[in-house]
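Topology and contacts: notes
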Amino acid sequence: KNQVEQSPQSLIILEGKNCTLQCNYTVSPFSNLRWYKQDTGRGPVSLTIMTFSENTKSNGRYTATLDADTKQSSLHITASQLSDSASYICVVNNAGNMLTFGGGTRLMVKP
Amino acid sequence: GAGVSQTPSNKVTEKGKYVELRCDPISGHTALYWYRQSLGQGPEFLIYFQGTGAADDSGLPNDRFFAVRPEGSVSTLKIQRTERGDSAVYLCASSLGGQNSPLHFGNGTRLTVT
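Here is a short report on the structure shown in this document. Being a predicted model, the structure only gives us computed values, none of them experimental.

**A few points about the nonpolar core**
Counting residues in hydrophobic clusters, the biggest one holds 22 residues, and the most contacted among them are Val-4, Tyr-25, Leu-33, Trp-35, Leu-75, Tyr-88 and Leu-107 of chain A. Contributing elements (two or more residues each) for this core: β3 (19-25), β4 (30-38), β5 (45-51), β7 (62-67), β8 (72-77), β9 (86-94) and β11 (105-110) of chain A. Counting residues in hydrophobic clusters, the runner-up holds 20 residues, among them Val-19, Leu-21, Leu-60 and Leu-77 of chain B.

Okay, here's the thing in structure tokens:
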């Protein structure tokens, strides 16, 4: 069964600190992995999309990594800001264009 | 440009009633998805359209749920005989349809069944 597991479920950090969110998946065959940011009451917004040949991709203060061998990804947030408070969702696309969503990590950045 | 628009943003209905939720995708996007999201969880797949046809409706929970996209643009999710368990945020997303095309989500319709 295709599954995407994210950890931690929730995280509280102080403004200015870094953090790393984890994503493990069992989706097969693999096409790409996406990270989305979802603010409260809004739809998810795409941060990065990585294919199996890409190990790292950055989008501003967000850096995603992918290890297709171990089926793991991480999202690193540098110098966190209050506006980073949101849910971060890992999504894996299989070769049939079916997306499997993780349950998300709820990040709270405190001043 | 305009993003994905969903209406209404909130809908409160009584158990047993019929509701329609509308999604206006980004112009030119051939792929359209409906998801359901409960509080604190990730989106749950319902149905995927490629053009006018439902390419995959395996996520629809039962026959009370139905979705159409008659002209390959606007889509309507229809729920008959609503139940309290249908209460959730219903998200619509559209994309250009390629394997690596990002999904563009609307802000969802929050459905509450009393």
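**Topic: the pairing of β8 of chain A**
Successive residues of a regular strand alternate their side chains across the two faces of the sheet. Residues and elements named next belong to chain A. As paired elements, β3 and β8 share six bridges and run antiparallel to each other. Counted as the bridge partner of Cys-23 is Ser-73 from β8. By the bridge criterion, six bridges tie β7 to β8 in an arrangement that is antiparallel. Along β8, the bridge assignment pairs Asp-67 with Gln-72.

**Focus on the interface of chain A and chain B**
Taken residue by residue, the interface counts 24 residues in chain A and 21 residues in chain B. Here chain A packs against chain B, burying approximately 1600 Å² in sum over the two surfaces, 47% of which is carbon and sulfur. The tally of links from chain A across to chain B stands at zero salt bridges. Seen at the junction of chain A and chain B, the total is eleven residue pairs in polar contact (both at pLDDT 80 or more). When contributions to the side of chain A that touches chain B are tallied by element, the ones reaching two or more residues are β4, β5, β9 and β10 (99-101) of chain A. With five residues, the top contributor of residues to the side of chain A that touches chain B is β4 of chain A. Taken together, the residues that form the side of chain A that touches chain B break down as eight nonpolar, 13 polar and three charged.

Scoring rules and cut-offs
- Residues numbered from 1 in each chain as written.
- Chains lettered and ligands numbered in written order.
- Predicted model: local features only at pLDDT ≥ 70, side-chain atom pairs only at ≥ 80, totals over all residues.
- Heavy atoms only, no water.
- Core = buried A, V, L, I, M, F, W, Y, C linked by side-chain atoms within 4.5 Å.
- Buried < 20%, exposed > 50% of the residue type's maximum accessible area, 1.4 Å probe, protein only.
- Helix = DSSP H or I, 4+ residues; strand = E, 2+ residues; numbered from the N terminus.
- Pairing = 2+ DSSP bridges.
- Contact = heavy atoms within 4.5 Å.
- Buried area = accessible area lost by both parts, 1.4 Å probe.
- Salt bridge = Lys/Arg side-chain N within 4 Å of Asp/Glu carboxyl O.
- Polar contact = N/O pair within 3.5 Å; in protein donor to acceptor, adjacent residues only side chain to side chain.
- Nonpolar A, V, L, I, M, F, W, Y, C, P; charged D, E, K, R; others polar.

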